[in-house]
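# Coordinates in review
If you want the building blocks of each chain, they are given just below.
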Amino acid sequence: MYQEQSSGNAPRQGGRRPEELVPSRYAVQVGDIEVLVISDGVLPLPTKMLGHNADPAVRAEWLTDMFLPQDAFDWALNVVVVRSGDQTILIDAGLGLDPDLNLPRAGQLIKRLAAAGIDLGSVTDVVLTHMHMDHIGGLLVDGVKDQLRSDLRIHVAAAEVEFWQAPDFSHVSMPPGFPDALRSAAKRFATEYGNHLRLFEDEYEVAPGVKLHRTGGHTPGHCVVRVASGGDRLMFAGDAVFAVGFEHPDWHNGFEHDPEEAARVRVLLLKELAETGASLVATHLPFPSVGHVAVDGDHFRWVPVFWDY
Ligand SMILES: [Zn+2]
């Protein structure tokens, strides 16, 4: 018989605070490889950024259909930890805690890694899907670098590092202040972690069954991570796929530096996912963002997994 637990809101072991309404980690087993999705929080952004080339009326209709507000909505920020063999691989690092950004509901990664029992010193490899601030900022938080291993390897496409030396913002559509913040975060990262960078051209196997593939589009060095083991497959698509991208893959996201190419990449990846049945996880899909992709007429459909308990 159901009994209400009076201690339901009390602080728990493992650092979960009572004001946290939802869990912030979700584990998926891919064959022998453990994949843990960790929420860095959420980032409110103007809805125009979902598709700055879209007809505003169609965009408004999509928001209504999704029960989302018309002006701004919260983008999820998902980070992934992969354990394969004796390697612990952090894929992207969240937004970080720059107080000037005034985004207090994001930048939770470091606290939530600790809550998940993951010591920063146990991370052997970091993979950066790209060098936008919301994917590297967690490693720029004060005191984090000191906790990381001195032999930490940070894998990123050579084209990405090159791009940020003189980034082109002429095709993006971002709120004021973002281009400068992105430029300075990427520059700071390249300086602070330059010795740790391990560059790859088009593909690289970080650990058995964990492969990086450069896609370009979102940024020239954007990559996705394909995880495969024992017949199971999962793709971490970074910023190649957004919540609106299933129904409207041709909508240009405001953060895309080459939006035409980004849309082409998105369609190719969604077709691949629909054909292979691989699981998809992406940075800005609602947490825990684990699901499958189906083809629905001339567009795609997102099918979230039923949670495993
Ligand atoms: Zn992003």
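Coordinates for the structure precede this section.
Computed from a predicted structure; not experimentally measured. (Residues numbered from 1 in each chain as written. Predicted model: local features only at pLDDT ≥ 70, side-chain atom pairs only at ≥ 80, totals over all residues. Heavy atoms only, no water.)

### Structural notes on empty space enclosed by the protein
Counting across every chain of the model gives two cavities of 30 Å³ or more. The calculated volume of the largest cavity comes to roughly 60 Å³. Lining the largest cavity, in full, are Leu 43, Leu 45, Trp 75, Leu 95, Met 133, Asp 134, Phe 178, Asp 239, Phe 255 and His 284. Those elements that provide at least two residues to the lining of the largest cavity are strand S2 (33-46) and helix H3 (133-136). Here the residues of the lining of the largest cavity are counted per class, giving seven nonpolar, one polar and two charged. (1 Å grid on protein atoms, 1.4 Å probe; cavity = no way out; pocket = protein on both sides within 12 Å on 5 of 7 lines; lining within 4 Å. Points joined across faces, edges and corners; volume = space filled by probe spheres on them. Helix = DSSP H or I, 4+ residues; strand = E, 2+ residues; numbered from the N terminus. Nonpolar A, V, L, I, M, F, W, Y, C, P; charged D, E, K, R; others polar.)

### Topic: the pairing of strand S13 (residues 291-296)
For a regular strand, side-chain orientation follows a simple rule: the groups alternate between the two sheet faces. One ladder, built from six bridges, connects S13 with strand S14 (residues 299-304); its direction is antiparallel. Looking at S14, one finds that Ala 294 is bridged to Arg 301. (Pairing = 2+ DSSP bridges.)

### Quick word on the pattern of salt bridges
Tallying each qualifying case throughout the model produces eleven salt bridges. We note a salt bridge from Arg 183 to Asp 180, for which the minimum N-O separation is 2.9 Å. Of the two residues, Arg 183 and Asp 180 are both situated in helix H6 (residues 178-193); the distance of three residues between them amounts to about one turn of the helix. Assessed through its relative accessible area of 52%, Asp 180 is described here as exposed. (Salt bridge = Lys/Arg side-chain N within 4 Å of Asp/Glu carboxyl O. Buried < 20%, exposed > 50% of the residue type's maximum accessible area, 1.4 Å probe, protein only.)

### Quick notes on unusual backbone geometry
Residue Phe 287 is joined to Pro 288 through a cis peptide bond whose omega torsion reads 0°. Tracing the backbone through its elements, the reader meets Pro 288 in the loop between strand S12 (279-281) and S13.

### A look at the coordination of the zinc ion
Protein coordination at the zinc ion: the donors are Asp 134 (OD), His 135 (NE2), Asp 239 (OD) and His 284 (NE2), at 2.1 to 2.2 Å from the metal. Considering all four donor atoms around the zinc ion, angles at the metal cover 87 to 168° and the coordination shape is irregular. The sequence pattern describing where the donors of the zinc ion fall on their chain is D-H-x103-D-x44-H. Of this pair, Asp 134 sits in helix H3 while His 284 is found in the loop between S12 and S13, placing the two residues 150 residues apart along the sequence. His 284 shares its class with Asp 134; the two are buried. (Donors = N, O, S within 2.8 Å, 3.2 Å for Na, K, Ca; no water. Tetrahedral: all angles 85-135°; square planar, octahedral: opposite > 155°, others 65-115°.)

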